[in-house]
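Each chain, letter by letter, is given below.
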Amino acid sequence: MSAATPPASGPLAGYRVLELCSTIAGPACTRLFADFGAEVIKVEPPEGDSVRQIGLPDEGIALFAASILRNKRAVTIDLKTARGRELVLRLAAGCDLVVENFRPGTLERLGLGYEALSAQNPGLVLVRISGYGQSGPRREMPGYGAICEAFGGIRHLIGDPDRPPPRVAVPVVDYLTAAYAAYGATLALLERQRSGRGQVVDCALYEAAFSMLEASVPAYDRFGYVPNREGSRLPYMAPNNLYPTRDGGYVLIAANNDATFRRLMQAIGRAALLDDPRYATINSRWEHVDALDAEIGAWTAARDAAEIGAQLDAAGVPCSRVCTLADAAHDPHYAAREMLLRAPHAHFGELLQVGIVPKLSATPGAVRWSGPELSADTRAVLAERLGLSDAELDALEAEAVIRSRGATP
């Protein structure tokens, strides 16, 4: 590491991760390790990870990449070359984790399957992220997060029942899969402390999506119940919905138990409804949800969002206006929790990014630098980790096995 590189800290300091990933789920997984101190070496092809082409660029620099690749070291190696694959095998020999999200079978065809990667490192943990997992009839099918959201049954539940299911405008399944993958990797590292052996963590995007149907699976088994789209309502829970405000926005109010429902009715001046048998229980409130939502909506529509929030906060009723990113950027709670922070960036000086999740009291994570430009660390990493000389690096670059000089964002 260069003298200018901030030292690693956090509970994963001392662990080394080799990232062979593209787009979102894999890089998001390794970013979690990097945020908590692990050294993450990201290997990219000469054209760069496609995440460098996603989202709004600024002066030709991919802003999404500057966040999801933060705290990582960027190395360019062409895995289509035999010497490039040899370099990856040598790097893996000094790593605790390898994380990849190629289509199943690709690593094996490259000669980089688990047997090869762990030959010199039996404690290596290989995390494999794919659309459909490493086994089963769909294992080799391509599957992005949105595709697996559909296959996993989640897309069917998004939106209003009388309209086609829309997509969520953020990669929910990719990020959930990343969290599962990081959790699986951590479990494998804990097991390695006992056995000394590594293993393979198989994480499928569609399974991460399907896991969110946990509440409905037993009901399907017992009653053949298949959940459907409910719009902004939470199925079988009322009141839990969006309600209009006088100033043109929406608030979400959730009274998910009897005590909270009583507080809500008292706060909005509808205490008489507490004696109405239609609203006596959670189940009966759901059966009469239209009438109940109309009562609450009439109250919210006559007030601005700020007034509603202040009144329901005082009553202890869960409520929030529907915030935008601009709202978050100016909200004192986000600021107090450091959920928006500025990180050093080689070109811009600093860049605003999402904060660290989760918060650890004794060994917190940190953002030491924003995502580096393509090929920024190739020579330094290969010299430090593999002991390659300048002459050897020059030869590899001349043969287009690696890339370092003349990198573009």
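As shown above, the structure is provided for reference.
Residues numbered from 1 in each chain as written. Predicted model: local features only at pLDDT ≥ 70, side-chain atom pairs only at ≥ 80, totals over all residues. Heavy atoms only, no water.

Moving on: empty space enclosed by the protein. Per the counting criterion, the structure on display carries 1 cavity of 30 Å³ or more. Reported here for the largest cavity is a volume of approximately 60 Å³. As for the largest cavity, its lining consists of 10 residues, and the residues nearest its centre are Arg52, Ile61, Ala62, Gly371 and Pro372. Contributing elements (two or more residues each) for the lining of the largest cavity: β4 (61–62) and α2 (63–68). (1 Å grid on protein atoms, 1.4 Å probe; cavity = no way out; pocket = protein on both sides within 12 Å on 5 of 7 lines; lining within 4 Å. Points joined across faces, edges and corners; volume = space filled by probe spheres on them. Helix = DSSP H or I, 4+ residues; strand = E, 2+ residues; numbered from the N terminus.)

Right, let's get into the pairing of strand β9 (residues 240–244). As paired elements, β9 and strand β10 (residues 250–254) share 5 bridges and run antiparallel to each other. Paired with Pro244 across the bridge in β10 is Tyr250. The antiparallel hairpin formed by β9 and β10 contains 5 residues in its connecting segment, where Gly248 sits at a positive phi of about 90 degrees. (Pairing = 2+ DSSP bridges.)

Moving on to the pattern of salt bridges. According to the stated counting rule, one finds 30 salt bridges in the structure shown. Between Arg278 and Asp276 there is a salt bridge; the shortest N-O distance is 2.8 Å. You can call Asp276 buried: its relative accessible area is 18%. A salt bridge links Arg379 to Asp394; the shortest N-O distance between them is 2.9 Å. Here Arg379 is found in helix α16 (residues 378–386), whereas its partner Asp394 is found in helix α17 (residues 390–398), with 15 residues between them in sequence. Because the salt bridges share partners, they merge into one network encompassing Arg16, Glu39, Arg73, Glu384 and Arg385. (Salt bridge = Lys/Arg side-chain N within 4 Å of Asp/Glu carboxyl O. Buried < 20%, exposed > 50% of the residue type's maximum accessible area, 1.4 Å probe, protein only.)

The next point concerns the layout of surface pockets. Taken as a whole, the second largest pocket spans an internal volume of roughly 450 Å³. The wall of the second largest pocket is formed by 19 residues, among which Leu157, Met212, Leu213, Leu234 and Pro235 lie closest to the centre. When the residues that make up the lining of the second largest pocket are grouped by side-chain class, the tally is 11 nonpolar, 4 polar and 4 charged. (Nonpolar A, V, L, I, M, F, W, Y, C, P; charged D, E, K, R; others polar.)

The subject of this paragraph is the environment of Leu190. For Leu190, the location among the structural elements is in helix α7 (residues 172–195). Classification of Leu190 as partly exposed rests on a relative accessible area of 42%.

We now examine unusual backbone geometry. That bond from Ala238 to Pro239 is cis: its omega, 0 degrees, falls within 30 degrees of zero. By secondary structure assignment, the location of Pro239 is in the loop between α9 (217–223) and β9. Not every positive phi belongs to a glycine, and Tyr236 is a case in point at roughly 65 degrees. Tracing the backbone through its elements, the reader meets Tyr236 in the loop between α9 and β9.

Here we come to the packing of aromatic side chains. A complete count under the given rule lists 5 aromatic pairs for this structure. What links up through ring pairs into an aromatic cluster is the set Tyr132, Phe151 and Tyr206. Its guanidinium or amino end placed over the ring of Phe151, Arg138 lies 5.0 Å from that ring's centre, counting from NZ or CZ. (Phe/Tyr/Trp six-rings, centres within 6.5 Å; stacked < 30°, edge-to-face > 60°. Lys NZ or Arg CZ within 6 Å of the ring centre and 35° of its normal.)

This part is about the sheet that holds strand β14 (residues 402–403). Taking strand neighbours across the sheet as the criterion, the 7 strands line up as β8-β7-β6-β1-β2-β5-β14 in an open arrangement whose pairing is mixed. Strands with a single pairing partner mark the edges of an open sheet, and in this sheet they are β8 (200–204) and β14. Direction of pairing for strand β2 (residues 39–44) relative to strand β5 (residues 72–77): parallel, over a ladder of 5 bridges. Residue pairing in the sheet places Val40 in a bridge with Lys72 of β5. Contacting β1 (16–20), β2, β5 and β14, α16 runs over the sheet at an angle of about 95 degrees to β5. (Contact = heavy atoms within 4.5 Å. Axes fitted to C-alpha atoms, helices over the stretch in contact; angles between N-to-C directions.)

Next up on the list: the state of the cysteines. Tallied over the entire structure, the rule returns 0 disulfides. Cysteine Cys21 is unpaired, with the sulfur of Cys29 as its nearest cysteine sulfur at 7.2 Å. (Disulfide = S-S within 2.5 Å.)

What follows deals with the sheet that holds strand β11 (residues 319–321). Strand order in this open sheet of 3 strands is β9-β10-β11, and the pairing throughout is antiparallel. With one partner strand each, in any of the chains shown, β9 and β11 form the two edges of the open sheet. The average undirected angle you get between the axes of adjacent strands in this sheet is 20 degrees. Those strands touched by helix α12 (residues 289–301) are β9 and β10, and its axis lies near 40 degrees from that of β9. Those strands touched by helix α13 (residues 305–315) are β10 and β11, and its axis lies near 165 degrees from that of β11.

This brings us to α17. Within the span of α17, buried status applies to Leu393, Leu396 and Glu397. For α17, the angular spread of buried residues about the axis comes to 100 degrees, placing them on one side. Those residues of α17 that are exposed and aimed more than 90 degrees away from the buried face are Ala391 and Ala398. Count one or two residues on from α17 and you reach Ala400, which has phi positive near 60 degrees. (Arc of directions from axis to C-beta.)

Another aspect to go through is a nonpolar patch on the surface. On the surface, a nonpolar cluster with roughly 290 Å² of combined accessible area is contributed by Val168, Val170, Val172 and Met212. The residue Val168 is located in the loop between α6 (145–151) and α7 in this model. On the basis of relative accessible area, Val168 is assigned to the partly exposed category, the value being 31%. (Patch = residues over 30% accessible without salt bridge, like charges linked within 9 Å, V, L, I, M, F, W, Y side chains within 5 Å. Areas by Shrake-Rupley, 256 points an atom, 1.4 Å probe, with all protein chains shown as cover.)

Another aspect to go through is the nonpolar core. Core analysis: the largest hydrophobic core is formed by 42 residues, its most contacted members being Cys29, Phe33, Val127 and Ile129. Counting only elements with at least two residues in this core, the list comes to α1 (25–35), α2, β6 (97–100), β7 (125–130), α7, β8, α8 (205–211) and β12 (340–345). Top contributing element to this core by residue count: α7, with 7 residues. Not counting the four nearest positions on each side in its chain, Phe33 is found in contact with Leu12, Val17, Ala38, Val40, Leu97, Ala182, Ala185, Thr186 and Leu189. Judged by nonpolar contacts, the second largest core, of 27 residues, contains Leu91, Leu107, Leu126 and Leu386. (Core = buried A, V, L, I, M, F, W, Y, C linked by side-chain atoms within 4.5 Å.)

Purely spatial values, then, with no claim about function.
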